[in-house]
Amino acid sequence: MQDEPHRHGHEPQPDGDLGARIAALKARRAGGERARGPARRTRALQMALRLATDIASGLAVGGVIGWLIDRLAGTLPLFFFLMLVLGGATGVREAIRSMRRLEAEMAAGEEEETPGPRA
């Protein structure tokens, strides 16, 4: 039976168990790659929404505080614009901090997924 031509182009497996283990490993790896794709897209969407929320909330809080100061002081919209700029700067600063934190988490997650050299 060893001399028979191979059907379907498959090479003979010296050990049936080894062939099954290799096939199972390939299937797990292929499934893992497909599963990580949507997770990465979800993570990127989460990061984008977080950054937009940080900036928008900074602008909104600064604008409201400035408007309240102008209302109480009876001034022109001087404090509104001043606090709007400060709130925007604070929102951008917070967005940068959030982005750095998320990048560090993603880098740590990739290091855990990547197998190291075996000794």
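Residues numbered from 1 in each chain as written. Predicted model: local features only at pLDDT ≥ 70, side-chain atom pairs only at ≥ 80, totals over all residues. Heavy atoms only, no water.

Enumeration according to the criterion identifies 1 aromatic pair in this entry. Summarising the aromatic geometry, the rings of Phe 80 and Phe 81 are spaced 5.3 Å apart at their centres and angled 70 degrees between planes, so their arrangement reads as edge-to-face. Since its relative accessible area comes to 26%, Phe 80 is described here as partly exposed. (Phe/Tyr/Trp six-rings, centres within 6.5 Å; stacked < 30°, edge-to-face > 60°. Buried < 20%, exposed > 50% of the residue type's maximum accessible area, 1.4 Å probe, protein only.)

On to a nonpolar patch on the surface. Taken together, the side chains of Ile 55, Leu 59, Val 92 and Ile 96 define a hydrophobic patch exposed on the protein surface, amounting to about 270 Å² of accessible area. At the level of secondary structure, the elements contributing two or more residues to the nonpolar patch comprise helix H1 (16-73) and helix H2 (78-113). The topology assignment puts Val 92 in helix H2. (Patch = residues over 30% accessible without salt bridge, like charges linked within 9 Å, V, L, I, M, F, W, Y side chains within 5 Å. Areas by Shrake-Rupley, 256 points an atom, 1.4 Å probe, with all protein chains shown as cover. Salt bridge = Lys/Arg side-chain N within 4 Å of Asp/Glu carboxyl O. Helix = DSSP H or I, 4+ residues; strand = E, 2+ residues; numbered from the N terminus.)

Right, let's talk about the side chain of Asp 54 for a bit. With respect to the element layout, Asp 54 can be found in helix H1. On the accessibility criterion, Asp 54 (10% relative accessible area) is buried. What Asp 54 contacts, discounting residues up to four positions off in sequence, is Gly 91, Glu 94, Ala 95 and Ser 98. (Contact = heavy atoms within 4.5 Å.)

Here the focus is the pattern of salt bridges. For the structure shown, the criterion picks out 4 salt bridges. The residue Arg 50 makes a salt bridge to Asp 54 at a minimum N-O spacing of 3.4 Å. Separated by 4 residues within a single helix, Arg 50 and Asp 54 lie in helix H1, roughly one turn from each other. A salt bridge links Glu 94 to Arg 97; its shortest N-O distance comes to 3.4 Å. You can see Glu 94 and its partner Arg 97 sitting in helix H2, 3 residues apart, about one turn around the helix.

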